[in-house]
Amino acid sequence: LDFKDGIPPEQRTLVVVPTMLTTATGVEHLLEGIEERYLANRDTALHFALLTDFVDAAAETLPGDDELVQLAREGIERLNEKYSAIRSDIFYLFHRSRHWNPQQGEWMGEERKRGKLADLNAMLRGAKERFASVVGETAILLRVRYVITLDTDTQLPRDAARLMAGTLAHPLNRPVYDAQRRRVVDGYTILQPRVGVSL
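Residues numbered from 1 in each chain as written. Predicted model: local features only at pLDDT ≥ 70, side-chain atom pairs only at ≥ 80, totals over all residues. Heavy atoms only, no water.

## Re the nonpolar core
Formed by 34 residues in total, the largest nonpolar core has its most connected members in Val 15, Leu 21, Phe 48, Leu 50, Ile 76, Phe 91 and Leu 156. Sorting the residues of this core by element identifies β1 (13–21), α1 (24–40), β2 (46–54), α2 (65–82), β3 (91–95), β7 (146–149) and α4 (160–169) as the ones contributing at least two each. Those residues in contact with Phe 91, other than ones at most four positions away along the chain, are Ile 34, Glu 35, Tyr 38, Phe 48, Ile 76, Leu 79, Asn 80, Tyr 83, Val 135 and Gly 136. Core analysis: the next-biggest nonpolar cluster, separate from the first, contains 13 residues, Leu 14, Tyr 92, Leu 120 and Val 144 among them. (Core = buried A, V, L, I, M, F, W, Y, C linked by side-chain atoms within 4.5 Å. Buried < 20%, exposed > 50% of the residue type's maximum accessible area, 1.4 Å probe, protein only. Helix = DSSP H or I, 4+ residues; strand = E, 2+ residues; numbered from the N terminus. Contact = heavy atoms within 4.5 Å.)

Dropping the structure here:
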């Protein structure tokens, strides 16, 4: 579908970057990256989030953990303030704590990237207390229809989010769920665009 005039509110889309908080420099890089993606994809029905947890460890908490979360929190708040004249619900932080994993024998983000996305999906459907730290006005996110997931080093070229939302919204791509078989029988729930490498 051609969303040349913008993503319709009923097709509201969230761009997320699942990642880890490792260093202060790394946090700044994450904040710069999410702002750049926004600047290339400005749309009133588009939101951007960092979906974070910590590196695996022998203890539940490590020295410096709180400082990294605080840096990310302050950075997201600063971005929302910077663009507050446009709107106040652009940027978000969803951070998870470590949990004990007996199979791995260490503290880690539960199911790593897959777990982060599952927790996000549950939260978007109304589940509470999936994240230890949340920054941003989350009420509107209950109306999110699509999630675009990017790796830390993946760019989002100009208007690419609008094109992806249009592709997902097309009637031939919409998932058809069979309640009796408990699965999607037609259309798509996940689309994976071709990724190009730029030098």
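## A short note on the pairing of β1
With respect to burial, β1 is a largely interior element, eight of its nine residues being buried. Examined bridge by bridge, β1 and β2 share nine bridges and lie parallel to one another. Within β2, the position partnered with Val 15 by the bridge is Phe 48. In this view, the connection linking β1 to its parallel neighbour β2 by way of α1 has right-handed handedness. Alignment of β1 against β7, held across four bridges, turns out to be parallel. Within β7, the residue paired with Val 15 across the bridge is Ile 148. (Pairing = 2+ DSSP bridges. Right-handed = clockwise from strand over helix to strand, strands pointing away.)

## Things to note about the sheet that holds β3
In spatial order, the strands read β6-β3-β2-β1-β7; together these five strands make up an open sheet with mixed pairing. Single-partner strands in this sheet number two, and they are β6 (133–135) and β7. In this sheet, neighbouring strand axes are inclined to one another by 20° on average, regardless of whether the strands run parallel or antiparallel. The pairing of β2 with β3 spans five bridges and is classified as parallel. Along β3, the bridge assignment pairs Leu 51 with Phe 94. Along the sheet face, α2 touches β1, β2, β3 and β6 and points at about 160° away from the line of β3. (Axes fitted to C-alpha atoms, helices over the stretch in contact; angles between N-to-C directions.)

## Section: the environment of Arg 96
Of note, Arg 96 is situated in the loop between β3 and β4 (99–101). Through-space distance from the C-alpha of Arg 96 to that of Val 134 is 9.1 Å; in sequence the pair is 38 residues apart. Ignoring any residue separated from it by four or fewer positions in sequence, one finds Arg 96 in contact with Thr 52, Asp 53, Phe 54, Gly 109, Glu 110, Arg 112, Gly 115, Lys 116, Asp 119, Arg 130, Phe 131 and Ala 132. There is a polar contact of 2.9 Å between the side chain of Arg 96 and the side chain of Asp 53. (Polar contact = N/O pair within 3.5 Å; in protein donor to acceptor, adjacent residues only side chain to side chain.)

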